[in-house]
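# Commentary on secondary and tertiary structure
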Amino acid sequence: MTLTDITRNSSISSATVAEWYKFFREICALKISDDLRKTKIGAPSLVVQIDETFLRKRKYNAGKKTKDEKESRTIIGGVCIETGEAFSFVVNGGKRETILPVMQKHVHQNSIIHSDGATIYKDLVEIGKQYGWEIAHHDTVIHSKRQWRKFDTEYNKVTTNGVENLWRWLKSKCSGRGTKMDLQIQIHSYLYERKYLS
């Protein structure tokens, strides 16, 4: 039920309904934050697709140019293909030093990692060791070469379609406006919906 429907069908003002919506989103975000603090996604021999995305900024210089690209938000996330578990966080910039600690904190040791060909993932197994994070195997698909999936030497399909699907749904739910904390609450309330209400 939308905010407009509730306002129309009750004697509650739209401002009050909006505050209640915000309150419930914060509760959902707290639950997911608690879940993510207690558990990691992936496991030995399980595939975790990782990727970064941007709200209000074009990736690979493709798509519609926004009015103020300086206000973009970098989001890092991952999806375990076998279990469907996911994480997503707003980070300060898309540099390796910012993104790798987040992945290390939320992805199990010895998971198999699939990513795109962004330079932040180059030599991920070796770089992961520097952070104390053992990765069983890392493989990439190169989107700039129009490569969306491939088969590695063990005939496993390498793709980032699972995490790209997460971004598609997440962007439809998140406005990208407000503070970093506001955006994180929107993201975690979507992850709550995905995990507990789907």
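This text goes with the structure placed above it.
Overview of the structure. All values reported here derive from a predicted model rather than from experimental measurement. (Residues numbered from 1 in each chain as written. Predicted model: local features only at pLDDT ≥ 70, side-chain atom pairs only at ≥ 80, totals over all residues. Heavy atoms only, no water.)

Position of K105 relative to the elements: it lies in helix α3 (residues 96–106). Relative accessible area serves as the criterion here: at 53%, K105 is assigned to the exposed category. Put simply, K105 and I41 are 64 residues apart on the chain and 9.7 Å apart in space, counted from C-alpha to C-alpha. (Helix = DSSP H or I, 4+ residues; strand = E, 2+ residues; numbered from the N terminus. Buried < 20%, exposed > 50% of the residue type's maximum accessible area, 1.4 Å probe, protein only.)

Turning our eyes to something else, we now look at the packing of aromatic side chains. Scanning all chains against the criterion turns up five aromatic pairs. Judged by centre distance (5.7 Å) and plane angle (90°), the ring pair of W20 and F23 falls under edge-to-face. You can see W20 and its partner F23 sitting in helix α2 (residues 14–38), three residues apart, about one turn around the helix. Taking relative accessible area as the criterion, W20 reaches 47% and is therefore assigned partly exposed. Residues Y192 and Y196 carry aromatic rings whose centres are separated by 4.9 Å and whose planes lie at 45° to one another, so their mutual orientation is tilted. Of this pair, Y192 and Y196 are both found in helix α6 (residues 180–196), four residues apart, which corresponds to roughly one turn of the helix. Residue classification places Y192 among the partly exposed residues on the basis of a relative accessible area of 22%. (Phe/Tyr/Trp six-rings, centres within 6.5 Å; stacked < 30°, edge-to-face > 60°.)

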